[in-house]
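Given next are the chains, with one letter for each unit.
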Amino acid sequence: MKWLKVIGLVLLVVLAGLQFFPTGSNQSTTVPSSDFVKTHKVPERLAQMLYTSCYNCHSNNTNYPWYSRVQPVGWLLENHIHKGKEDLNFSEFGAYSSRKQQSKLKSMISQVEDGEMPLASYTFIHRKARLSAEDRENLVDYLKTIQE
Amino acid sequence: MILLSLALVSWGAFAQHDHSKMDSKMTNKSMVQASVKVNRSQSASIIIDNYLALKDALVKEDSKNAASSGKKLFDAFAKFDISAQTKQQQKELSEIIEDASEHAEHISENSGNIGHQREHFEILSKDIKDLIIITGSDRTLYQAFCPMYNNNEGGAWLSTSKEIKNPYFGNKMLKCGSVQQEISVK
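On a predicted model such as this, the values are computed, not experimentally measured, just so you know.

S.K.: In this structure, what is going on with a nonpolar patch on the surface? I would like to understand it.
M.R.: Residue and element names in this part refer to chain A. Together, Met1, Trp3, Leu4, Ile7 and Leu11 give the surface a local cluster of nonpolar side chains, amounting to about 610 Å² of exposed area. One can find Met1 in the segment before α1 (2-18). For Met1, a relative accessible area of 74% puts it in the exposed group.

S.K.: Would you explain the nonpolar core in this entry?
M.R.: Generally speaking, a soluble globular protein has its nonpolar side chains buried in company with each other. Residues and elements named next belong to chain B. In terms of nonpolar packing, the biggest core is built from 42 residues, with Phe77, Phe121 and Leu124 touching the most fellow members. Within the residue set of this core, elements represented by two or more residues are β1 (35-38), α2 (45-59), α3 (63-79), α4 (87-108), α5 (114-135), β2 (141-146) and β3 (155-159). Apart from the residues within four sequence positions on either side, Leu124 is in contact with Tyr51, Leu54, Leu73, Phe77, Ala100, His103 and Ile107.

S.K.: Looking at this structure, how should I read the environment of Cys57(A)?
M.R.: All names here are of chain A. Relative to the assigned elements, Cys57 resides in helix α4 (residues 55-58). A relative accessible area of 17% means that Cys57 is categorised as buried. Spatially, the C-alpha atoms of Cys57 and Met117 are 11 Å apart, while their sequence positions differ by 60 residues. Look past the residues within four positions of Cys57 in its chain and what remains in contact with it is His80, Ile81, Gly84 and Lys85.

S.K.: Just checking my understanding: could you explain the pairing of β2(B) for this structure?
M.R.: Every regular strand shows the same layout, with side chains that alternate between the two sheet faces. Residue and element names in this part refer to chain B. Among the 6 residues that make up β2, 6 are buried, leaving the element largely enclosed by the rest of the structure. The two faces of β2 match: Leu141, Gln143 and Phe145 on one face and Tyr142, Ala144 and Cys146 on the other face are all buried. Where β2 meets strand β4 (residues 178-185), 5 bridges bridge the pair, whose relative direction is antiparallel. Paired with Phe145 across the two strands is Ser178, which belongs to β4. Note that β2 and β3 share 5 bridges and pair antiparallel. Within β3, the position partnered with Tyr142 by the bridge is Ser159.

S.K.: I tried to follow unusual backbone geometry on my own but got confused; where do I start?
M.R.: With the exception of glycine, the majority of residues adopt a negative phi angle, and the majority of peptide bonds are in the trans configuration. In this structure, Pro72(A) follows Gln71(A) across a cis peptide bond, with omega equal to 0°. Looking at where Pro72(A) falls in the secondary structure, it is placed in the loop between α4 and α5 (73-87). Phi angles above zero are rare outside glycine, and Asn152(B) is one such case at about 65°. If you trace the backbone, Asn152(B) turns up in helix α6 (residues 149-152). Asn152(B) sits in the partly exposed class, given a relative accessible area of 44%.

S.K.: Looking at this structure, I do not really get the sheet that holds β1(B). What am I missing?
M.R.: Across a sheet, paired strands are connected by hydrogen bonds in the backbone, their directions being either parallel or antiparallel. Residues and elements named next belong to chain B. Spatially, the 4 strands line up as an open sheet ordered β1-β4-β2-β3, and their pairing is mixed. Of all strands in the sheet, those with a lone pairing partner are β1 and β3, marking the two edges. Across the sheet, the axes of successive neighbouring strands diverge by a mean angle of 25°, strand direction being ignored. Contacting β2 and β3, α2 crosses the sheet at an angle of about 120° to β3. Packing of α5 onto the sheet brings it into contact with β1, β2, β3 and β4, and relative to β3 it is tilted by some 50°.

S.K.: Would you take a moment to explain the interface of chain A and chain B for this structure?
M.R.: Every contact between the two is made by 12 residues of chain A and, on the other side, 17 residues of chain B. Taken together, the two surfaces of chain A and chain B that pack against each other cover about 1200 Å², and 33% of this comes from carbon and sulfur. Together, Arg99(A), Lys100(A) and Lys106(A) form the three largest contributors to the area buried by chain A at its contact with chain B, with a combined 48%. Summed over the shared surface of chain A and chain B, the number is 7 salt bridges. Across the salt bridge formed by Asp127(B) and Arg99(A), the nearest N and O atoms sit 2.7 Å from each other. At the boundary of chain A and chain B, one finds 11 residue pairs in polar contact (both at pLDDT 80 or more). Counting residues per element, the side of chain A that touches chain B draws most heavily on helix α6 (residues 98-113) of chain A, at 8 residues. Residues of the side of chain A that touches chain B, tallied by class, amount to no nonpolar, 5 polar and 7 charged.

Rules of the game
Numbering of residues begins from 1 in every chain and follows the order in which that chain's sequence is written. Chain letters and ligand numbers both follow the written order, the letters beginning at A and the numbers at 1. Local features in this predicted model are restricted to residues whose pLDDT is 70 or higher, and side-chain atom pairs enter the listing and the counts only when it is 80 or higher, whereas totals over whole chains, interfaces and linings include all residues. The side-chain figures draw on all heavy atoms in the structure; neither hydrogens nor water molecules are used. In this scheme, patches are assembled from residues that exceed 30% relative accessible area and form no salt bridge. Like charges are connected within 9 Å, while nonpolar side chains (Val, Leu, Ile, Met, Phe, Trp, Tyr) are connected within 5 Å. Only the protein chains shown count as cover for residues, with accessible areas throughout obtained via the Shrake-Rupley method and a probe of 1.4 Å. Throughout this description, the term salt bridge denotes a Lys or Arg side-chain nitrogen within 4 Å of a carboxyl oxygen of Asp or Glu. Runs of H or I in DSSP of at least four residues are treated as helices and runs of E of at least two as strands, each being numbered from the N terminus. The buried label goes to any residue with under 20% of its type's maximum accessible area, the exposed label to any with over 50%, and the partly exposed label to all in between, with areas taken from a 1.4 Å probe on protein chains only. By nonpolar core we mean a set of buried residues, namely Ala, Val, Leu, Ile, Met, Phe, Trp, Tyr and Cys, connected to one another through side-chain atoms within 4.5 Å. We call two residues in contact whenever any of their non-hydrogen atoms come within 4.5 Å of each other. The pairing criterion for strands is at least two bridges between them, as found by DSSP. Here an angle of 0 to 180 degrees is reported between the N-to-C directions of two axes, which are lines fitted to C-alpha atoms, with helices fitted over the stretch in contact. Here's the idea: put two parts together, see how much 1.4 Å probe accessible area each one loses, and the total over both is what we call buried area. Contacts described as polar in this section are N or O atom pairs within 3.5 Å, which, within protein, must combine one atom able to donate a hydrogen with one able to accept it, while residues neighboring in sequence count only if both atoms come from side chains. Residue polarity follows a fixed list, in which Ala, Val, Leu, Ile, Met, Phe, Trp, Tyr, Cys and Pro are nonpolar, Asp, Glu, Lys and Arg are charged, and the others, Gly among them, are polar.

As structure tokens, this is what we get:
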């Protein structure tokens, strides 16, 4: 049974070693003028919905939970944030071309309507980020008013 | 039980809709000219080739080939040379290509999810049309429109033929749609 202890020890060492790798820092203290909520003067209640359910992965400012400092969880989070921002970044939305803005709006509406977003893995942990059927309807109705 | 089956059957009979009257329901957001002329040019040939291959794959419900055509299209956009255009056109073109590339990329990353690929294809089709208005084309194209796609919001696509083969529904509703515009070469 000694090999079991050896494996366990190796794993522990590896896990401890991983913690020395830096975690992400997607944070900024200022809200740029290109921010979606600013440029479209989004109503307060809907803005809060976006902040809670979307902005952690889709903006330049993530509210990191304590466990994000633990690897490999930190990496998983950074991966989500990186991909999220690539696909849609609310902080930079106002700087997108009009064509790109319209494309993104269509995608947003479709993903929220279909229940694809926010990600189930995200809302599983972040209960407040869950969108009820009514929330989705309100959000989609609002986004449709911005569509051309 | 009998009543239920009767109800179902009569509902089924009503649900078969008549496509011949669909033309008059052709609502899209802007009035479309019956025909436009564009410059003769080979510059967008590869883009058009790969777009049409993507379209054909969607008609055949072939999500895997749609994804690979999407990748080829994405690569073609990356290599596309806009330097021959005027400054104003270059700005417009780079915005079109930026948007179209993203849609091509999403299509290439969604093999197995044809619904999602079709969503991106719809916007991509508009981008490609806008692109060739500026760059010109090497062949006559037809813009067709299906009013039923996406909860009756409709969706358009480009084809080299006037024959309707619907990429949004495939063989579920192959002939739904009609030609809106002919894009011919000067």
